[in-house]
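Coordinate inspection notes
Listed here are the chains, written in short residue letters.
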Amino acid sequence: MKGLVDKETCIGCENCVNECAEVFEMEDDGLAVAKDIELSGDSDLLDCATRAMDSCPVEAITIN
Ligand code: F3S
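Let me begin by describing the structure that accompanies this report. If you're wondering where the values come from, they're calculated on a predicted model, not measured in any experiment. (Residues numbered from 1 in each chain as written. Predicted model: local features only at pLDDT ≥ 70, side-chain atom pairs only at ≥ 80, totals over all residues. Heavy atoms only, no water.)

To continue, consider the nonpolar core. Membership of the largest hydrophobic core comes to 19 residues, with the highest contact counts inside it found for C16, V23 and F24. Contributing elements (two or more residues each) for this core: α1 (15-19), β3 (32-34), α2 (43-55) and β4 (61-63). Counting residues per element, this core draws most heavily on α2, which supplies four residues. Look past the residues within four positions of F24 in its chain and what remains in contact with it is V5, C16, V17, V33, A34, K35, A49, A52 and I61. (Core = buried A, V, L, I, M, F, W, Y, C linked by side-chain atoms within 4.5 Å. Buried < 20%, exposed > 50% of the residue type's maximum accessible area, 1.4 Å probe, protein only. Helix = DSSP H or I, 4+ residues; strand = E, 2+ residues; numbered from the N terminus. Contact = heavy atoms within 4.5 Å.)

As structure tokens, this is what we get:
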């Protein structure tokens, strides 16, 4: 499982990075991206990524 940010939807609010900088980061375009990190097998990382997903006001984040 990995995080994914839909850049068409992201408004750059940075909640995801504030919630889980281990998985999400801001790019030069002012929008977030999910790092290429495998989340399954690390429950702390998956929890953190899930909190970030839940914190996004425009639901731009998916975890699959
Ligand atoms: Fe964008 Fe949502 Fe993160 S708006 S910066 S993906 S919290």
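Turning next to the site of the ligand. All residues adjacent to the ligand are V5, C10, I11, G12, C13, E14, N15, C16, A32, C56, V58 and I61. Grouping the constituent residues of the shell around the ligand by class yields nine nonpolar, two polar and one charged. (Near = heavy atom within 4 Å. Nonpolar A, V, L, I, M, F, W, Y, C, P; charged D, E, K, R; others polar.)

This part takes up the state of the cysteines. One pass over the full model with this rule turns up one disulfide. The disulfide partner of C20 is C48, and the gap between their sulfur atoms is 1.8 Å. Linking C20 and C48, the disulfide has an S-S dihedral of approximately 90° and is accordingly described as right-handed. Highlighted residues: C20 in the loop between α1 and β2 (24-26) and C48 in helix α2, separated in sequence by 28 residues. For C20, a relative accessible area of 0% translates into the label buried. Take C48: its relative accessible area is 5%, and that puts it in the buried class. (Disulfide = S-S within 2.5 Å.)

To continue, consider unusual backbone geometry. For E14, which is not glycine, the phi torsion reads 75° and is therefore positive. Residue position: E14 is located in the loop between β1 (3-5) and α1. What makes E14 partly exposed here is its relative accessible area of 38%. Residues other than glycine seldom take positive phi values, yet E59 does so here, at roughly 55°. If you trace the backbone, E59 turns up in the loop between α2 and β4. By relative accessible area, which is 69% here, E59 ends up exposed.

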